[in-house]
Amino acid sequence: MAFDSTGVQTNPRDTDAVFGKWGLRWVALGYLTMFILVPVLVINVQGLRLGLDVFWESITRREAVSAIWLTITSSAIMTVINVVIGTLTAYVLVHYRFPGKRLFNTLVDLPFAIPTMVTGVMLVVLYGPQTAIGQFLSDELGIRVLFAVPGIILALLFVGYPFVIRTVQPVLLKIEAAQTEAAQTIGASSWTTFWRVIFPIIRPAILTGALLSFARSLGEFGSIIVVAGNIPNRTQTATAYLYTQVEAGNLQAASAVSMVLLLVAFAITIGVDVFRWRRHA
Amino acid sequence: MKHLKLTLAAAGLLALSAFAPVAAQDAPEPITLTLAGYAVPREAYGDIIPLFQRYWLDQTGQQVIVLESYQASGAQSRAVAGGFAADVVALSIEPDITRLVDAGLVSEDWKDDNPYSGIVTQSLVVLAVRADNPKNILDWADLAAEGVEIITPDPATSGGAQWNILGAAGAAERGFVPGYEGETAVADFLTALAGNVLVFDRDGRESYLTFERGIGDVAITYENEVIGAALAGGTDAYVYPASTILIENPVAVVDTYVDQNGTREVAEAFVEFLWTADAQRAFANRGFRPVTPEVRAQYGLAEEGEEIAEAGAGAVEVNASIVYPAVEDEFTIEHFGGWSEARATYFGDEGLFTRIAAEIQG
């Protein structure tokens, strides 16, 4: 029961409605501002604190450029592999039956739950010079995995694995059997059916998954700091570079490089929204 | 990584006290002491803290709960400067304490009244190699050879890494690295060395663990790490360069925080305890060179002709299997004119090593 100042009972529905309309909105907006926008704003202020010249100098330093470039290229390679394998896996999970399928489906989410630093340690244990795999790769094939670019990509593949699968799978499930059957009754091969009927429907979902996993790997730190050598210009990714700058007390340079990552991430977020919107349109 | 754990011994004492209600009634409330250390001496403090807890209990009847945090020296120092209210800091290099002095947390005269200038342990920069030394690494010069893979922590984040680089630089400057002579000896040698580094880990401990996992041919590391590894049954070997730097690790009470926490008395007692014969032997048994003359004599480190009072027996015995050999040319940070000079010359924004690291060929 609610009463106004004159003691007259007010309609509780009215106050609820008003709170629902404005209260919840303020909570949502206030939260976004306080906990997301303000920190993001602060880093931009920090990055530009010493002026545009210094900002430009910080992001065009050779180690900074090669760190950002290494992050973007290794993330891009990871994304391409993930798109192919992720789409294939989602298709297999939706269209085929096999023993252990439920377990498989659960395991897909595992990388979400494993602390990424543990991911890094697992890779070191697996590909280290003391293991058979590590020895075979380095002695027989001359491939260095750990503390080199392949190690970074392997870590990103692990971390980014679920994204494409989990965005494509629900869309595949929604495709009516009638649509694919219709294609097959008019004589289309299963490849043609996939390419001409299924693919156009799941394409926005694939792109969304690709962008999400790309964005995720831009910021990956825990596993990379374990498997990459942190050598400037060679194996230092953008986040490892940021860490070094923060630790060296160089906040301005760290913030400037963060702004570049932020910009890329922001572009990706907009991209994801565009694809989502198209998918729902 | 930050590790914060309740010392088991303290927990044990607390558990015991539950069964002794009569004694507990008169005993003062337990006091909590927070120790912020650099990564490497964690095991040594694991030995010393229970000794101190017993000592403090005997002296005052009060239990001490010690909370321990270990990470790279620089990171630890920044954490304390940023508000991590530790009572005592045990760091790798003096500049990490100077940062706390500049932040107004540690008083400016922190090392003035102390006979050891706040230095609690010493060590040497040494080279850890594989068991049968397949790359035949015998001294600094061999690190610059083609195809040698070096493991050393990142001097941007690790105090220990700065000791390593200064050890290499000093050896070159003092003419102990054949093939690198003249004006550009140091720059040329450091450039060759940096080009061979395979992993720049975040702190000294992590770096040595990477080496122990079988990665790299040689780790630039500390005598205490290799002695510790040998005591733990490790099979890797190590060599003493003919010329190397003497590492000196400082300890200080964080004045501002002990006054806030009401822990000044116990914090000062803890720091003083680190120079007792037992604590110094506990450090020495973990591979750190002790600093007090009596304990140095027990480990064969006494200066010639020095007259030393015999160290009394205590709770910690001398481990006679540990040898601390002398090297041909041992130098200290004073070779570089002190820390602020060394930092500016090598690790500042325009420092020699900062520039060399930025120019590593991709």
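Residues numbered from 1 in each chain as written. Chains lettered and ligands numbered in written order. Predicted model: local features only at pLDDT ≥ 70, side-chain atom pairs only at ≥ 80, totals over all residues.

Draft legend 1. Focus on the interface of chain B and chain A. Each partner contributes residues to the interface: chain B has 17 residues there, and chain A has 18 residues. Among the secondary structure elements, those contributing two or more residues to the side of chain B that touches chain A are helix 4 (73–81), strand 7 (197–199) and helix 15 (352–358) of chain B. At 3 residues, the largest contribution of residues to the side of chain B that touches chain A is made by strand 7 of chain B. Residues of the side of chain B that touches chain A, tallied by class, amount to 10 nonpolar, 5 polar and 2 charged. (Contact = placed C-beta atoms within 7 Å. Helix = DSSP H or I, 4+ residues; strand = E, 2+ residues; numbered from the N terminus. Nonpolar A, V, L, I, M, F, W, Y, C, P; charged D, E, K, R; others polar.)

Draft legend 2. Representation of the domain arrangement of chain A within the structure. Residue and element names in this part refer to chain A. You can read the domains of chain A as domain 1 (1–48) and domain 2 (50–280). Placing a centre on the C-alpha atoms of domain 1 and another on those of domain 2 gives a separation of 37 Å. Contact with domain 1, which involves 6 residues of that partner, is made by 9 residues of domain 2. (Domains from an automatic or database assignment.)

Draft legend 3. Broad picture of the domain arrangement of chain B. Residue and element names in this part refer to chain B. Once the domains are mapped, chain B shows domain 1 (3–121 + 249–298) and domain 2 (123–247 + 325–358). A C-alpha centroid distance of 29 Å is found between domain 1 and domain 2. With 21 residues of domain 1 at the contact, the number on the domain 2 side is 20 residues. Counting residues per element, the ones that place at least two in the side of domain 1 that touches domain 2 are helix 4 and helix 5 (94–102).

Draft legend 4. Main features of the confidence of the model for chain B. Residue and element names in this part refer to chain B. Per-chain confidence: chain B averages 89 in pLDDT, with 91% of residues scoring 70 or above. Across residues 1–10, where pLDDT falls below 50, the model places 24 contacts with residues more than four positions away in sequence or in other chains. Of the regions scoring below 50 in pLDDT, residues 12–24 engages in 4 contacts with residues more than four places distant in sequence or in other chains. Here the predicted complex carries an ipTM of 0.72, next to a pTM of 0.80. (pLDDT = per-residue confidence, 0-100.)

Draft legend 5. The arrangement of the nonpolar core in detail. Core analysis: the biggest nonpolar cluster contains 135 residues, and Val-227 of chain A together with Val-88, Val-89, Leu-190 and Val-254 of chain B have the highest contact counts within it. With near-sequence residues (within four places) excluded, Val-89 of chain B lies in contact with Ala-36, Val-80, Ile-97, Leu-100, Ala-252 and Val-254 of chain B. With 19 residues, the next largest nonpolar core counts Ala-90, Val-164, Ile-206 and Leu-207 of chain A among its residues. (Core = buried A, V, L, I, M, F, W, Y, C linked by C-beta atoms within 7 Å. Buried ≥ 20, exposed ≤ 12 C-beta atoms within 10 Å, placed from the backbone.)

Draft legend 6. Structural detail: the packing of helix 6 (residues 116–127) of chain A against helix 8 (residues 149–174) of chain A. All names here are of chain A. In contact at an axis separation of 10 Å, helix 6 and helix 8 are set at 130 degrees when each is read in the N-to-C sense. Considering their axes alone, helix 6 and helix 8 lie oblique with respect to each other. Along this stretch, helix 6 crosses helix 8, giving a crossing that reads as right-handed. In this structure, helix 6 contributes Thr-116, Thr-119, Gly-120 and Leu-123 to the contact, and helix 8 contributes Gly-151, Leu-154, Ala-155, Phe-158 and Val-159. Along the lines of polarity and charge, the residues of the contact of helix 6 with helix 8 split into 5 nonpolar, 4 polar and no charged. (Axes fitted to C-alpha atoms, helices over the stretch in contact; angles between N-to-C directions. Parallel < 35°, antiparallel > 145°, perpendicular 65-115°, else oblique. Left-handed = near helix turned anticlockwise from the far one by under 90°.)

Draft legend 7. Expanded view of the environment of Phe-288 of chain B. All names here are of chain B. Note that Phe-288 resides in the loop between helix 12 (277–285) and helix 13 (293–298). We classify Phe-288 as buried; it has 25 C-beta atoms within 10 Å. C-alpha separation for the pair Phe-288 and Tyr-70, spaced 218 residues apart in sequence, amounts to 17 Å. With residues near it in sequence (within four places) discarded, Phe-288 still touches Pro-41, Ala-44, Thr-121, Gln-122, Ser-123, Asn-224 and Phe-283.

Draft legend 8. Region of the structure containing unusual backbone geometry. All names here are of chain A. Here the phi dihedral of Phe-147 falls at roughly 55 degrees; this positive angle occurs in a residue that is not glycine. Turning to its location among the elements, Phe-147 is positioned in the loop between helix 7 (132–140) and helix 8. Residues other than glycine seldom take positive phi values, yet Asn-230 does so here, at roughly 60 degrees. Its place among the elements puts Asn-230 in the loop between helix 11 (222–227) and helix 12 (238–247).

Draft legend 9. Just the packing of helix 3 (residues 42–60) of chain B against helix 12 of chain B, in detail. Residue and element names in this part refer to chain B. Between helix 3 and helix 12, the least distance of the axes is 9 Å, while the angle of their chain directions is 160 degrees. Between helix 3 and helix 12, the interaxial angle falls into the category roughly antiparallel. The crossing of helix 3 and helix 12 is right-handed. Counted together, Ala-44, Asp-47, Ile-48 and Leu-51 of helix 3 and Asp-278, Ala-279, Ala-282 and Phe-283 of helix 12 form the full contact between these two elements. Tallied by class, residues from the contact of helix 3 with helix 12 come to 6 nonpolar, no polar and 2 charged.

Draft legend 10. Expanded view of the environment of Arg-42 of chain B. Residues and elements named next belong to chain B. When you line up the elements, Arg-42 lands in helix 3. The class of Arg-42 is partly exposed, set by 16 C-beta atoms lying within 10 Å. Counting along the chain gives 244 residues from Arg-42 to Arg-286, while the straight-line C-alpha distance between them is 9.9 Å. Those residues within four positions of Arg-42 in sequence are excluded, and the remaining contacts are Gly-37 and Tyr-70.

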